[in-house]
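Structural description and commentary
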Amino acid sequence: MKQFTVTPIGVIHTPFKEAGGTPIQSAFAEGVEGVVEVFEEYVPGLKDVDGFERLWLMYWFDRVAGHKLHVTPYMDTQPRGLFATRAPSRPNPIGMSPVKLDRIEGNKLYIRDADMLDGTPLLDIKPYSPKFDYFEVSRSGWMDAVKEGSRTADERFHT
Ligand SMILES: C[S@@+](CC[C@H](N)C(=O)[O-])C[C@H]1O[C@@H](n2cnc3c(N)ncnc32)[C@H](O)[C@@H]1O
């Protein structure tokens, strides 16, 4: 199978230096501020981005240990298939977060609801659109049974 190379288009700055204590999703990181620094050559692509309240950030989990195909998610106590989780250690460790955009100044995007580590390599930015990205669903697998799961990470995927 063909191999692919990904090239970071920027870097995400957040208050989080290590996995332990970092929110596990943007939904649990309400108000957490971050700055997305877009490399100069990609800045023309930010035209019209300021009209969107939320953006999908796609990024690389650059500090995970190797992946396993069964993992115990932060929000559960029993092993689940990796692809039924949002665990950061994956064969292709790509993260996705629907962050809130406050403003853009030059090559910097000021965001909130950041759930990634400081220095995370940015792969892509896409507009969040409720027209495309919001669906009413009737089941969410094992997550339906979670009453009070953890909202922050520990080091289980990093050591
Ligand atoms: C459960 S993952 C979910 C991230 C994203 N919202 C998703 O669904 O793809 C979030 C956790 O990944 C870890 N993490 C974030 N950025 C990372 C990075 N650059 N390298 C390794 N781990 C990272 C942190 O522990 C964070 O709490």
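This structure is a prediction, so every number in the text was calculated from the model and none was measured. Along each chain, residues carry numbers from 1 onward, in the same order as the chain's sequence is written. The predicted nature of this model means local features are confined to residues of pLDDT at least 70 and side-chain atom pairs, given and counted, to a pLDDT of 80 or more, with totals for whole chains, interfaces and linings taken over all residues. Note that the side-chain values use all heavy atoms of the structure and ignore hydrogens as well as water.

DSSP-based pairing: two strands are paired if at least 2 bridges between them are found. The numbering of helices and of strands both runs from the N terminus, where a helix is a DSSP run of H or I of at least 4 residues and a strand a run of E of at least 2. The six strands are arranged 1-2-7-6-3-8 in a closed barrel whose pairing can be described as antiparallel. Taken pair by pair, the neighbouring strands of this sheet meet at an average axis angle of 45°, ignoring direction. Bridging between strand 6 (residues 94-105) and strand 7 (residues 108-112) involves five bridges; their strand directions are antiparallel. Note that in strand 7 the partner of I104 across the bridge is L109. Axis definition: a line fitted to C-alpha atoms, limited for helices to the stretch in contact. Angles are taken between N-to-C directions and run from 0 to 180 degrees.

Moving on to the site of the ligand. Throughout this document, a residue counts as near a molecule or strand when at least one of its heavy atoms sits within 4 Å of that molecule or strand. Lining the immediate environment of the ligand, one finds 23 residues, of which P23, D62, R86, D115 and T120 sit closest. A distance of 2.8 Å is found between a nitrogen atom of the ligand and a side-chain nitrogen or oxygen belonging to D115. Within the backbone of L117, a nitrogen or oxygen atom sits 3.0 Å from a nitrogen atom of the ligand. Taken by itself the ligand offers 600 Å² of open surface, and the protein chains cover 98% of this. Elements supplying a minimum of two residues to the shell around the ligand: strand 3 (54-60) and strand 6. Per-element accounting of the shell around the ligand gives the leading share, three residues, to strand 6. When its residues are assigned to classes, the shell around the ligand shows 13 nonpolar, six polar and four charged. Any pair of nitrogen or oxygen atoms within 3.5 Å is treated as a polar contact; in protein, a donor-acceptor pairing is required on top of that, and neighbouring residues in sequence qualify only through side-chain atoms on both sides. Only the protein chains shown count as cover for residues, with accessible areas throughout obtained via the Shrake-Rupley method and a probe of 1.4 Å. Note on residue categories: nonpolar means Ala, Val, Leu, Ile, Met, Phe, Trp, Tyr, Cys or Pro, charged means Asp, Glu, Lys or Arg, and polar means any other residue, Gly included.

Let us now look at the nonpolar core. Counting residues in hydrophobic clusters, the biggest one holds 22 residues, and the most contacted among them are V36, L57, L109, I111, L122 and I125. Looking at this core, the element that brings in the most residues is strand 3, giving three residues. I24, V71, A87 and F157 belong to the second largest nonpolar core, which has seven residues in total. Residues grouped as a nonpolar core are buried Ala, Val, Leu, Ile, Met, Phe, Trp, Tyr and Cys residues, joined through side-chain atoms within 4.5 Å. Relative accessibility under 20% of the residue-type maximum defines a buried residue, over 50% an exposed one, and the middle range a partly exposed one, all with a 1.4 Å probe and only protein chains included.

It is worth spelling out the side chain of S26 at this point. Note that S26 resides in the loop between strand 1 (10-13) and strand 2 (33-38). Not counting the four nearest positions on each side in its chain, S26 is found in contact with S97, P98, V99, D113 and D115. Pairs of residues are marked as contacts when any of their non-hydrogen atoms sit within 4.5 Å.

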